[in-house]
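# Architecture and fold: a report
What follows is each chain in one-letter form.
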Amino acid sequence: MSLQCGIVGLPNVGKSTLFNCLSSAKAQSANFPFCTIEPNVGVINVPDERLSRLAEIVHPGRIVPATVEIVDIAGLVKGASKGEGLGNKFLANIRETDAIIHVLRCFDDGNVVHVDGSVDPVRDKEIIDAELQLKDLETVESRLQRVKKQAETGGDKDARAAYEVLRAYQEALSQGRSARTVRWESKEQQQIAHDLFLLTDKPVLYVCNVDEASAVSGNRYVEAVRRAVAGEEAEVLVVAAKTEEDIAELDTYEDRKMFLESVGLAESGVNRLIKSAFRLLDLETYFTAGEMEVKAWTYRKGSKAPQCAGIIHSDFEKGFIRAEVIKYEDYIHYGSEAAVREAGKLAIEGKDYVVQDGDIMHFRFNV
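Here we summarise the structure given alongside this text. Note that the coordinates shown come from a computational prediction; the quantities given were computed from them, not determined experimentally.

Within the chain, the regular secondary structure consists of 14 helices and 12 strands. Summarising the internal contacts of the chain: among those between residues at least 6 apart in sequence, 70% fall at separations of at least 24. Within the structure as shown, the chain displays about 18,200 Å² of accessible surface, and the carbon and sulfur contribution to it stands at 47%.

For helix H4 (residues 121–153), with 33 residues, the first-to-last C-alpha span of 47 Å sits near the 48 Å given by 1.5 Å per residue. Maximal helix bending in H4 amounts to about 40 degrees, located at Val147.

Even without being glycine, Phe197 reaches a positive phi, approximately 50 degrees. On the secondary structure map, Phe197 appears in the loop between helix H6 (187–195) and strand E6 (204–209). Positive phi values are uncommon outside glycine, yet Asp282 reaches one of about 65 degrees. For Asp282, the position within the fold is in the loop between helix H10 (269–280) and strand E8 (283–289).

Quick look at the layout of surface pockets now. Estimates place the volume of the largest pocket at around 1,100 Å³. Looking at the lining of the largest pocket, the elements with two or more residues in it are H6, E6 and H10. Reported here for the second largest pocket is a volume of approximately 760 Å³. Counting residues per element, the ones that place at least two in the lining of the second largest pocket are helix H1 (15–22), helix H8 (241–248), helix H9 (253–262) and H10. When residues of the lining of the second largest pocket are assigned to their parent elements, the largest contribution, five residues, is made by H9. Among the residues forming the lining of the second largest pocket, the class breakdown is 12 nonpolar, six polar and six charged.

The next thing to look at is the packing of aromatic side chains. Each pair of aromatic rings is reported with the distance of its centres and the angle of its planes. One pass over the structure, following the stated rule, counts six aromatic pairs. Ring geometry for Tyr286 versus Trp297: centroids 6.4 Å apart, planes at 15 degrees, classification stacked. Of the two residues, Tyr286 is situated in strand E8 and Trp297 in strand E9 (residues 293–300); the sequence distance between them amounts to 11 residues. Residue Tyr286 shares its accessibility class with Trp297, and that shared class is buried. A ring pair is formed by Tyr286 and Tyr299, whose centres lie 6.0 Å apart and whose planes are at 40 degrees; its orientation type is tilted. Note that Tyr286 is positioned in strand E8 and Tyr299 in strand E9, a separation of 13 residues in sequence. The pair Tyr286 / Tyr299 is uniform in exposure class, with both members buried. Each member of the aromatic cluster is reached from another via a ring pair, and the members are Tyr286, Trp297, Tyr299, Phe320 and Phe363. For the cation-ring pair, Arg105 lies above Phe107, with the distance from its terminal atom to the ring centre recorded as 4.5 Å. The ring of Trp297 is capped by Lys295, whose NZ or CZ atom sits 4.0 Å from the centre of that ring.

Let us now look at the pairing of strand E5 (residues 99–105). Of all seven residues in E5, seven are buried, a share of seventy percent or more. In terms of strand pairing, strand E1 (residues 4–8) meets E5 through four bridges, oriented parallel. Residue Ile7 lies in a different strand from E5, and its bridge partner there is Ile101. The pairing of E5 with E6 spans six bridges and is parallel. Counterpart to Ile100 in the pairing with E6 is Val204.

Turning to a negative patch on the surface, a few remarks are in order. Judged by side-chain charge, Asp156, Asp158, Glu164 and Glu188 come together as a negatively charged surface patch. With respect to the helices and strands, the residue Asp156 is situated in the loop between H4 and helix H5 (157–174). Taking relative accessible area as the criterion, Asp156 reaches 30% and is therefore assigned partly exposed.

Take the environment of Glu245 next. Along the chain, Glu245 turns up in helix H8. It is 9.1 Å that separates the C-alpha atoms of Glu245 and Leu22, two residues lying 223 residues apart in sequence.

What follows is about the pairing of E1. Counting buried residues along E1, five of its five residues qualify, which places the element largely inside the surrounding structure. Of the two faces of E1, the one carrying Gln4, Gly6 and Val8 and the one carrying Cys5 and Ile7 are both buried. Where E1 meets strand E4 (residues 67–72), four bridges bridge the pair, whose relative direction is parallel. Bridging across to E4, Gln4 finds its partner in Glu69.

Our next topic: the nonpolar core. Ranked by internal contacts, the top residues of the largest apolar core, which has 72 residues, are Leu22, Ile70 and Ile101. Excluding residues that lie within four positions of it along the chain, Ile70 makes contacts with Cys5, Ile7, Phe19, Leu22, Asn40, Val41, Gly42, Ile44 and Ile101. With 21 residues, the next largest nonpolar core counts Leu137, Leu144, Ala161 and Ala172 among its residues.

The next thing to look at is helix H11 (residues 305–312). By the burial criterion, the buried members of H11 are Ala305, Pro306, Cys308 and Ala309. Buried residues of H11, seen end-on, are gathered within an arc of 160 degrees and therefore sit on one face of the element.

Let us look at the pattern of salt bridges. Considering all chains together, one arrives at 18 salt bridges under this definition. Linking Arg50 and Asp48 is a salt bridge whose minimum nitrogen-to-oxygen distance equals 2.9 Å. An identical accessibility class is assigned to Arg50 and Asp48; each is buried. Close ionic contact of Glu49 with Lys275 constitutes a salt bridge, the shortest N to O distance being 3.3 Å. In this pair, Glu49 sits in helix H2 (residues 49–58) while Lys275 sits in helix H10, placing the two residues 226 residues apart along the sequence. Each of the salt bridges in this network shares a partner with another, and the network as a whole consists of Glu324, Glu337, Arg341 and Arg364.

Rules used throughout
Residues numbered from 1 in each chain as written. Predicted model: local features only at pLDDT ≥ 70, side-chain atom pairs only at ≥ 80, totals over all residues. Heavy atoms only, no water. Helix = DSSP H or I, 4+ residues; strand = E, 2+ residues; numbered from the N terminus. Contact = heavy atoms within 4.5 Å. Areas by Shrake-Rupley, 256 points an atom, 1.4 Å probe, with all protein chains shown as cover. Expected span 1.5 Å × (residues − 1). Bend = angle between axes of the 7 residues up to and from the residue. 1 Å grid on protein atoms, 1.4 Å probe; cavity = no way out; pocket = protein on both sides within 12 Å on 5 of 7 lines; lining within 4 Å. Points joined across faces, edges and corners; volume = space filled by probe spheres on them. Nonpolar A, V, L, I, M, F, W, Y, C, P; charged D, E, K, R; others polar. Phe/Tyr/Trp six-rings, centres within 6.5 Å; stacked < 30°, edge-to-face > 60°. Buried < 20%, exposed > 50% of the residue type's maximum accessible area, 1.4 Å probe, protein only. Lys NZ or Arg CZ within 6 Å of the ring centre and 35° of its normal. Pairing = 2+ DSSP bridges. Patch = residues over 30% accessible without salt bridge, like charges linked within 9 Å, V, L, I, M, F, W, Y side chains within 5 Å. Salt bridge = Lys/Arg side-chain N within 4 Å of Asp/Glu carboxyl O. Lys, Arg positive; Asp, Glu negative; His and termini not counted. Charge placed at Lys NZ, Arg CZ, Asp CG, Glu CD. Core = buried A, V, L, I, M, F, W, Y, C linked by side-chain atoms within 4.5 Å. Arc of directions from axis to C-beta.

Written as structure tokens, this is what we have:
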């Protein structure tokens, strides 16, 4: 399952520095606008301590973690919705992603140029919000023109349903509210809304890029961001990208752990960001565990057993018979699959079973 989070923000807020920390693919970073032009894509391993615990029991030939794609997209400026800067390219790139990681500059540094001349993360957020909303409004009004006549004069039920959704979006966007603030009750409305692929309908994670001294507790800029996004049901993450860059250059786990402890962090900001991005995409993990490999498989939260089986191979879903399921806690407690079976803790589940995060699965199928 290949899903992407796009890193966005104004020029020079630390997007590419953060991307470099996340990915072995080194994005260019420099102190001038539009340093990033083509989007850089990195496939990032999702940190999961459960994999290591399972491997200690199973002793597999290899360990395969879950992954998520992170895309570093060119900095956006005011007027992007009308093609200013690299606006059209930016908007095309962000439309292809599944979720947004919005990086905000929350540090003072006279040596790093700010495209608007001063540090104000709330203003920066509002600039990008406004540009994305304007582009969405353009999309919505274009669609409205096409369905309005059918909805008002014809007997087309689908056109009327689409018209209602588009009008609600038009009203919200005209008021400066993002599409994600509009709630839909029926599945039909939800599907129509989804098929519009609006930029501001994507889930968003705000990353406050701070200096090292603010890495643990944040600062006044971070507090201002938290107040500004309080009504959005969005997560705010504090990361010191330059510090993370220093950590990434250390060779050993022990060295990185000592560095983190020296600045008062229990876990790196990069790890926290990857985990948050995974949740942002509404993803969970089940495992397969055997002598050949212990592997994390990514699925959409709420998926049923046959769908999850199909992630391994389409034949598993087509010929699904049943799933043998062990809860992660039971596997760790009893210390082996055989011991779990003996204790009666292995469950046999059918087609309606909703897979739970951390399940160890074995699928039976016949094609």
